[in-house]
Amino acid sequence: MSRFKRITIKVGSNVLTRSDGKLDVSRMSALVDQIAELHKQGVEIILVSSGAVASGKSEIHAKSKLDAISSRQLYSAVGQAKLINRYYDFFKEHGIACGQVLTTKESLGTRRHYLNQKNCMRVMLDNNVIPVMNENDTIAVTELMFTDNDELSGMIATMMDAEALILLSNIDGIYAGSPEDPGSEVIKIIHPDQQDLSEYIRTDTSSFGRGGMLTKYRIARKVANEGIEVIIANGKKENILMELLADDAVVCTRFLPSSKEISGVKKWISHSDSFAKGKIYVNAGAKIALLGAKASSLLPIGVIAVEGVFEKDDIVKIFDDSDNQLGLGRIGFNSEKVADMIGKKGKKPIIHYDYLYLEQNEE
Ligand code: GLU
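These notes cover the structure that comes with them. (Residues numbered from 1 in each chain as written. Predicted model: local features only at pLDDT ≥ 70, side-chain atom pairs only at ≥ 80, totals over all residues. Heavy atoms only, no water.)

Some remarks on the packing of aromatic side chains
Consideration 1: Here the structure, examined in full by the defined rule, presents 4 aromatic pairs.
Consideration 2: Between Tyr-87 and Phe-91, the aromatic rings sit 6.3 Å apart at their centres with planes inclined by 25°, giving stacked as the arrangement. Here Tyr-87 pairs with Phe-91, and both are found in helix 4 (residues 68-93), just 4 residues apart, close to one helical turn.
Consideration 3: Taking relative accessible area as the criterion, Tyr-87 reaches 3% and is therefore assigned buried.
Consideration 4: By relative accessible area, which is 0% here, Phe-91 ends up buried.
Consideration 5: A ring pair is formed by Tyr-114 and Trp-268, whose centres lie 5.9 Å apart and whose planes are at 50°; its orientation type is tilted. With Tyr-114 in helix 5 (residues 111-126) and Trp-268 in helix 9 (residues 264-270), this pair connects stretches of sequence that are 154 residues apart.
Consideration 6: Classification of Tyr-114 by relative accessible area gives buried; the value is 4%.
Consideration 7: For Trp-268, a relative accessible area of 1% puts it in the buried group.
Consideration 8: Of note, Lys-266 hangs over the ring of Tyr-353, and the distance from its end group to the ring centre comes to 3.7 Å.
Consideration 9: If you follow Arg-330 out to its NZ or CZ, it ends over the ring of Tyr-355, 4.5 Å from the centre. (Phe/Tyr/Trp six-rings, centres within 6.5 Å; stacked < 30°, edge-to-face > 60°. Helix = DSSP H or I, 4+ residues; strand = E, 2+ residues; numbered from the N terminus. Buried < 20%, exposed > 50% of the residue type's maximum accessible area, 1.4 Å probe, protein only. Lys NZ or Arg CZ within 6 Å of the ring centre and 35° of its normal.)

Dropping the structure here:
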């Protein structure tokens, strides 16, 4: 039986693609069998599946050489149709309905859109439908794209209050060193208070997907800090999901969850870095207050500069005077008003504590 009642599972392009670039249908079917079994046990599953671009590529040959955006649009349009059809048929064999949710960064950028997306997933789960998510690659252009589906799945796990996030790729976990080097081993457990391991992780990306180990690691740490266990494992191994969840000694990297409570709004803000519309620079005094043990809001007196054009309630990044990012927040005023308030005493907070996410404080 699974230890978890709600899980987000992300399947990477490499898991679903054979070495000749074709969709690995038998792997897909094996993963669906396991997900169906968990579903029957009463576990709520949200599946984030990559593979649209990769499966479209093997299906269609463009008439002329296409630029990166056009080829992604063409392949994902065809590949996503193929992918969801397969999922639909495989789940149907188990008497389970799945539904397609295609999203974009923009559709998660405001609190209203975020809650709307959450509601969509909730209503699906409440009706026993398994959401199968992907980024809508046909309309998400470069600057508005998720870094990869690892980022998307981290956000979804947080949004849906999942107890676990499982990232399936084609390697066994995070290695201390290069996976090709026989001397390097998979790091089995990463504790929430453990030092940053980024420097030991290789930075190249896999052949079919966009993500790499370093982004996986960073997302995993962030999500684990929000109280969700994150597991990075090899999706090409037989029966991997069942084994992981039965807590067998299967090789993988587990990021143990922090026990800290973070509000839903702060979790949303923590994943909103790429939606930020502006920057707020604070002085040394404000930095000390914000990072101190006592909960503090950001007041105008601590602000030294503002950049960008934003509206009230937009997300902004917060920097110290040496250009180090301290965190993110939902701003209480538009950029013009903030510019007028800089350095003034006795005004209302520019960012209220409840809408502040400070990286250092949450780790
Ligand atoms: N959304 C892309 C696809 O389905 C994959 C992005 C990624 O590699 O994470 O092809």
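Having seen it, we continue.
Points about helix 2 (residues 25-40)
Consideration 1: Across its 16 residues, helix 2 extends 22 Å between first and last C-alpha, which sits within 8% of the 22 Å expected from 1.5 Å per residue.
Consideration 2: Residues Arg-27, Met-28, Ser-29, Leu-31, Val-32, Gln-34, Ile-35, Ala-36, Leu-38 and His-39 constitute the buried set of helix 2. (Expected span 1.5 Å × (residues − 1).)

Details of helix 7 (residues 213-225)
Consideration 1: Here helix 7 is 13 residues long and its end C-alpha atoms lie 18 Å apart, about the 18 Å a rise of 1.5 Å per residue gives.
Consideration 2: Extensive coverage of helix 7 is indicated by the burial of 10 of its 13 residues.
Consideration 3: Taken residue by residue, helix 7 has Met-213, Leu-214, Lys-216, Tyr-217, Ile-219, Ala-220, Arg-221, Val-223, Ala-224 and Asn-225 as its buried positions.
Consideration 4: After helix 7 finishes, the residue Gly-227 shows a positive phi value of roughly 95°.

Quick notes on the pattern of salt bridges
Consideration 1: Using the criterion set out here, one finds 18 salt bridges in the structure.
Consideration 2: The salt bridge partner of Glu-44 is Arg-6, with a shortest N-O separation of 2.6 Å. Taken together, the residues Glu-44 in strand 2 (residues 44-49) and Arg-6 in strand 1 (residues 6-11) connect sequence positions 38 residues apart.
Consideration 3: Here Arg-6 falls in the partly exposed class, since its relative accessible area comes to 21%.
Consideration 4: Bridged by salt links that share partners, the residues Arg-6, Glu-44, Arg-122 and Asp-126 form one connected network. (Salt bridge = Lys/Arg side-chain N within 4 Å of Asp/Glu carboxyl O.)

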